[in-house]
Amino acid sequence: MARVADRGDEHAVEVVARLLRHRDGDVRRAALRALSLVGKKGREHGIDEVCLVLEDASADARQAGIKALVHVAEKGDRLVISAVCSRLKHKEVNARRAAIKGLMHVAEKNDHHAIDEVVAHLEHEAAETRDAAVLALAHLVEKGDEYAREEVS
């Protein structure tokens with residue numbers, strides 16, 4: 001894809017983003033790799049579709065979705081953080097874990113919105129989600145962060 005389209009090419013991003021909804025998991029994974037090559041950081045187009053892949057049944061697709069977010073989302077983008085955080089409430093534990101991992105890549109240190117979302121999952125019934133939340137929190141806060149300390153206690 002990078003050979004036929006420049007990074008940020010709107011038409012290429014639109015075509016690839018549509019493929020993220022394809023029924024075949026291999027096609028979705030290939031589209032995510034292509035989006036990582038042609039997508040431009042900060043472009044809204046395609047980010048919602050990438051966030052949907054965080055709910056994919058395939059672990060490979062979810063991991064590819066996280067990698068694609070890193071390439072197309074600006075760190076600290078509130079819309080992206082909200083889109084990723086909405087997946088923290090997904091019924092599937094693997095989708096929630098993918099969202100927490102994605103959050104670690106798109107949220108700035110000490111982002112209060114992200115901290116609030118992660119803290120809400122520290123007492124989740126699934127141990128994997130609690131573990132992922134602790135890991136995400138460790139990446140989101142700096143030592144001695146008063147806001148995080150108050151939220152956790």
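Quick caveat: nothing in here was measured; it's all calculated off a predicted structure.

Turning next to the overall build of the chain. Summing up its helical and strand segments, the chain has nine helices and zero strands in all. Order of helices (α) and strands (β) in the chain, N terminus to C terminus: α-α-α-α-α-α-α-α-α. Compactness check: the chain gives a C-alpha radius of gyration of 16 Å against a globular reference of 15 Å for 153 residues, within 12% of the reference. Seen through its principal axes, the chain has C-alpha atoms that stretch 50 × 25 × 15 Å. Across the 153 residues in the chain, those meeting the buried criterion constitute 47%. Accessible surface, the chain as shown: approximately 8400 Å² in total, 48% of it carbon and sulfur.

Two quantities define a packed helix pair, namely the angle between the axes and the distance from one axis to the other. Between helix α4 (residues 59–72) and helix α6 (residues 93–106), the least distance of the axes is 9 Å, while the angle of their chain directions is 20°. With respect to their mutual orientation, α4 and α6 come out roughly parallel. The interaxial crossing formed by α4 with α6 has right-handed handedness. Residues Arg62, Ile66, Leu69 and Val70 of α4 pack against Asn94, Ala95, Ala98, Lys101, Gly102, His105 and Val106 of α6. Partitioned by chemical class, the residues of the contact of α4 with α6 number six nonpolar, three polar and two charged.

Here the focus is the pattern of salt bridges. Summed over all chains, the structure comprises six salt bridges. The partner of Arg78 in a salt bridge is Asp111, with the nearest N and O atoms 3.4 Å apart. With a gap of 33 residues between them, Arg78 in helix α5 (residues 78–86) and Asp111 in the loop between α6 and α7 (112–119) connect regions that are remote in the sequence. The class of Arg78 is partly exposed, set by a relative accessible area of 48%.

So, on to unusual backbone geometry. Note: most peptide bonds trans; most residues except glycine with negative phi. If you check the backbone angles, Asn110 has positive phi at about 60° while not being a glycine. If you trace the backbone, Asn110 turns up in the loop between α6 and α7. Residue classification places Asn110 among the partly exposed residues on the basis of a relative accessible area of 22%.

The next point concerns the side chain of His90. When you line up the elements, His90 lands in the loop between α5 and α6. Look past the residues within four positions of His90 in its chain and what remains in contact with it is Glu55, Ala95 and Arg96.

Along the chain, Ala57 falls in the loop between α3 (47–53) and α4. Given the relative accessible area of 80%, Ala57 is considered exposed.

Time to look at the nonpolar core. Core analysis: the largest hydrophobic core is formed by 46 residues, its most contacted members being Leu69, Val84, Leu103, Val106 and Leu140. Elements with a contribution of two residues or more to this core: α1 (10–19), α2 (25–38), α3, α4, α5, α6, α7 and α8 (127–140). In contact with Val84, other than residues within four places in its own chain, are Cys51, Leu54, Leu69, Ala99, Gly102, Leu103 and Val106.

Bringing the environment of Leu37 into the picture now. Counting through the fold element by element, Leu37 comes out in helix α2. Leu37 sits in the partly exposed class, given a relative accessible area of 44%. Put simply, Leu37 and Asp48 are eleven residues apart on the chain and 17 Å apart in space, counted from C-alpha to C-alpha.

Calculation rules
Residues numbered from 1 in each chain as written. Predicted model: local features only at pLDDT ≥ 70, side-chain atom pairs only at ≥ 80, totals over all residues. Heavy atoms only, no water. Helix = DSSP H or I, 4+ residues; strand = E, 2+ residues; numbered from the N terminus. Rg over C-alpha atoms; globule rule 2.2 N^0.38 Å. Buried < 20%, exposed > 50% of the residue type's maximum accessible area, 1.4 Å probe, protein only. Areas by Shrake-Rupley, 256 points an atom, 1.4 Å probe, with all protein chains shown as cover. Axes fitted to C-alpha atoms, helices over the stretch in contact; angles between N-to-C directions. Parallel < 35°, antiparallel > 145°, perpendicular 65-115°, else oblique. Left-handed = near helix turned anticlockwise from the far one by under 90°. Contact = heavy atoms within 4.5 Å. Nonpolar A, V, L, I, M, F, W, Y, C, P; charged D, E, K, R; others polar. Salt bridge = Lys/Arg side-chain N within 4 Å of Asp/Glu carboxyl O. Core = buried A, V, L, I, M, F, W, Y, C linked by side-chain atoms within 4.5 Å.

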